[in-house]
Amino acid sequence: MRSSTSRCRSVGLNARRFGCVLRIHLIPRSAMGIWTSLTSSRSSCTKRSISRRQCLAATGLASPRIGHLIDRRGGRPVLAASAVLLSAGLLLLGLAPSLPVFVPAWVVLGLDMGAGLYDPAFSTLGRLYGEQARSAITHVTLFGGFASTVCWPLSALLVDHLGWRGACLTYAAIHLAVVLPLYLFGVPREAAKPPPAPKAAAATGHVQANQRYAFIVLAVGFTLAAVIMTVLSVHLLTLLQSQGLALAAAVALGTLIGPAQVGARVLEMLFGKKAHPIWSLLASAVLVAVGLGMLVGAPGVVAAGIVMYGMGSGIRSIARGTVPLALFGKEGYAVLMGRIAMPTLIAQAASPFLGAWLLDSFGTQVTLAVLCGVAVLSILMVLALVPYALRRQRADARHAP
């Protein structure tokens, strides 16, 4: 019986990994890649900035409710619904004749991303496997790291041959034909929890008094890290060019981030699985801070800094799922993930505008100094969590069978 159960779990896990890999980064990021390919005119830049803000805001606002849904009904129906939502959003985007239709299309895409990106995937894994989900979370982020490498050339190819509207429609069809069945047949079905009593419903995902400090610190730390990474992802080329680098050199340096993320995740998978996830989160925060500090150096130093930043970013993607699970346990994990995701995603919606304001008002050096200061604050947030994490680890060890 144990062997059979183990095999079933292995099959379900492998199928879900491939489904999550296809879903987590490939098509949502492809949709943004298609959008940026639309045109470089001012009007399109305005549409793009409005769309990104609306999309991320919708994702953040939907995240707590999605966490409750996963906690109640499991991740399978939520992830399957995300595939349908993304297809609907891309269909609406591909057929939209004007801005008043574009914006609702991106709101639909935002709801989809709230139901189908890393946080819902992690919540699903946590509900299925509890404290044993760390390996699965690592694998999902590992394969997800290759998604942007695949989706940008693929999006460019589709746009060249079909136009950006045709590319949107193609992705919508792929999602319904490929990704939706992968979710329905690959993600294990779970029995829905019975409707809780009112008091129990209020307590689901509730942070106990002795956990409130850790929860707030963790949420603030994740939000600070998200601000850094969003600002850098949007303005990296501008920051590098202002250091005297040509556009081609800046683009070449920027491409180092993806391989660095994947390499760090491989190292985490091989060597970090026996350590408490809090140490991975601390390593991520330190690598990001040091990498940012190196961006003011010579080109060789900048390259090393970008690699370190990419490694920190890659590890953080794993820690975002594993640290809350280790600190607060499986019970109510999906709800807590949704609550943590909301401020993070709303901050991400505002971060590009914050970065643009800093660059326009104070220049590159001040912007990098502010980002470094936020990165140091992020390290302090993690250090503040270490004592609680170690106490929780000792308590779990005492109660282990």
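Anything mentioned here points back to the structure above.
Below you will find a few notes about this structure. (Residues numbered from 1 in each chain as written. Predicted model: local features only at pLDDT ≥ 70, side-chain atom pairs only at ≥ 80, totals over all residues. Heavy atoms only, no water.)

## Quick notes on the overall build of the protein
Then comes step 1: Scanning the protein for helices and strands turns up 15 helices and zero strands.
Then comes step 2: Per-residue burial for the protein yields a buried fraction of 52% across its 401 residues.
Then comes step 3: Look at the contacts in the protein between residues 6 or more apart in sequence, and 84% of them connect residues 24 or more apart.
Then comes step 4: When the accessible surface of the protein is totalled, it reaches about 17,600 Å², and 69% of it is carbon and sulfur. (Helix = DSSP H or I, 4+ residues; strand = E, 2+ residues; numbered from the N terminus. Buried < 20%, exposed > 50% of the residue type's maximum accessible area, 1.4 Å probe, protein only. Contact = heavy atoms within 4.5 Å. Areas by Shrake-Rupley, 256 points an atom, 1.4 Å probe, with all protein chains shown as cover.)

## Observations concerning helix H4 (residues 99-116)
Then comes step 1: Given a rise of 1.5 Å per residue, 18 residues ought to cover 26 Å, and the 25 Å separating the end C-alpha atoms of H4 matches this to within 8%.
Then comes step 2: Taken together, the buried positions of H4 are Phe102, Val103, Ala105, Trp106, Leu109, Gly110, Asp112, Met113, Gly114, Ala115 and Gly116. (Expected span 1.5 Å × (residues − 1).)

## Description of the layout of surface pockets
Then comes step 1: There is about 460 Å³ of room inside the second largest pocket.
Then comes step 2: Residue lining of the second largest pocket: 13 residues in total, with Glu131, Arg134, Lys273, Pro277 and Ala326 positioned closest to the centre.
Then comes step 3: Among the secondary structure elements, those contributing two or more residues to the lining of the second largest pocket are helix H13 (299-328) and helix H15 (364-399).
Then comes step 4: Counting residues per element, the lining of the second largest pocket draws most heavily on H13, at three residues.
Then comes step 5: In terms of residue class, the lining of the second largest pocket is built from four nonpolar, four polar and five charged. (1 Å grid on protein atoms, 1.4 Å probe; cavity = no way out; pocket = protein on both sides within 12 Å on 5 of 7 lines; lining within 4 Å. Points joined across faces, edges and corners; volume = space filled by probe spheres on them. Nonpolar A, V, L, I, M, F, W, Y, C, P; charged D, E, K, R; others polar.)

## Quick notes on the pattern of salt bridges
Then comes step 1: By the definition in use, this model includes two salt bridges.
Then comes step 2: Asp119 is the salt-bridge partner of Arg320, the closest N and O atoms lying 3.3 Å from each other. Of this pair, Arg320 sits in helix H13 while Asp119 sits in helix H5 (residues 118-129); the two residues are 201 residues apart in sequence, bridging distant segments of the chain.
Then comes step 3: A relative accessible area of 17% means that Arg320 is categorised as buried. (Salt bridge = Lys/Arg side-chain N within 4 Å of Asp/Glu carboxyl O.)

## Structural notes on the packing of helix H6 (residues 134-144) against helix H11 (residues 257-271)
Then comes step 1: Two elements in contact, H6 and H11, have axes whose closest approach is 9 Å; the angle formed by their N-to-C orientations is 160°. Classed by the angle they form, the pair H6 and H11 counts as roughly antiparallel. Here H6 runs over H11; the crossing is left-handed. Where H6 approaches H11, its residues Arg134, Thr138, His139, Thr141, Leu142 and Gly144 are matched on the opposing element by Val262, Arg265, Val266, Glu268 and Met269.
Then comes step 2: Classifying every residue of the contact of H6 with H11 gives four nonpolar, four polar and three charged. (Axes fitted to C-alpha atoms, helices over the stretch in contact; angles between N-to-C directions. Parallel < 35°, antiparallel > 145°, perpendicular 65-115°, else oblique. Left-handed = near helix turned anticlockwise from the far one by under 90°.)

## Structural notes on the environment of Ala121
Then comes step 1: Along the chain, Ala121 turns up in helix H5.
Then comes step 2: A relative accessible area of 2% means that Ala121 is categorised as buried.
Then comes step 3: A C-alpha to C-alpha distance of 9.5 Å links Ala121 and Ala334, two positions 213 residues apart in sequence.

## Examining empty space enclosed by the protein
Then comes step 1: All told, the structure shown has three cavities of 30 Å³ or more when counted by the stated rule.
Then comes step 2: Computed from the structure, the largest cavity encloses a volume of approximately 130 Å³.
Then comes step 3: As for the largest cavity, its lining consists of 17 residues, of which Gly221, Ala225, Leu281, Ala285 and Ser378 are closest to the centre.
Then comes step 4: If you list the elements that add at least two residues to the lining of the largest cavity, you get helix H9 (212-241), helix H12 (277-293) and H15.
Then comes step 5: Top element by residues in the lining of the largest cavity is H9. It accounts for seven residues.
Then comes step 6: Across the lining of the largest cavity, the residue classes tally to 13 nonpolar, three polar and one charged.
Then comes step 7: Within this model, the second largest cavity holds a volume of roughly 40 Å³.
Then comes step 8: Forming the boundary of the second largest cavity are Asp119, Arg320, Met337, Ile340, Ala341 and Thr344.

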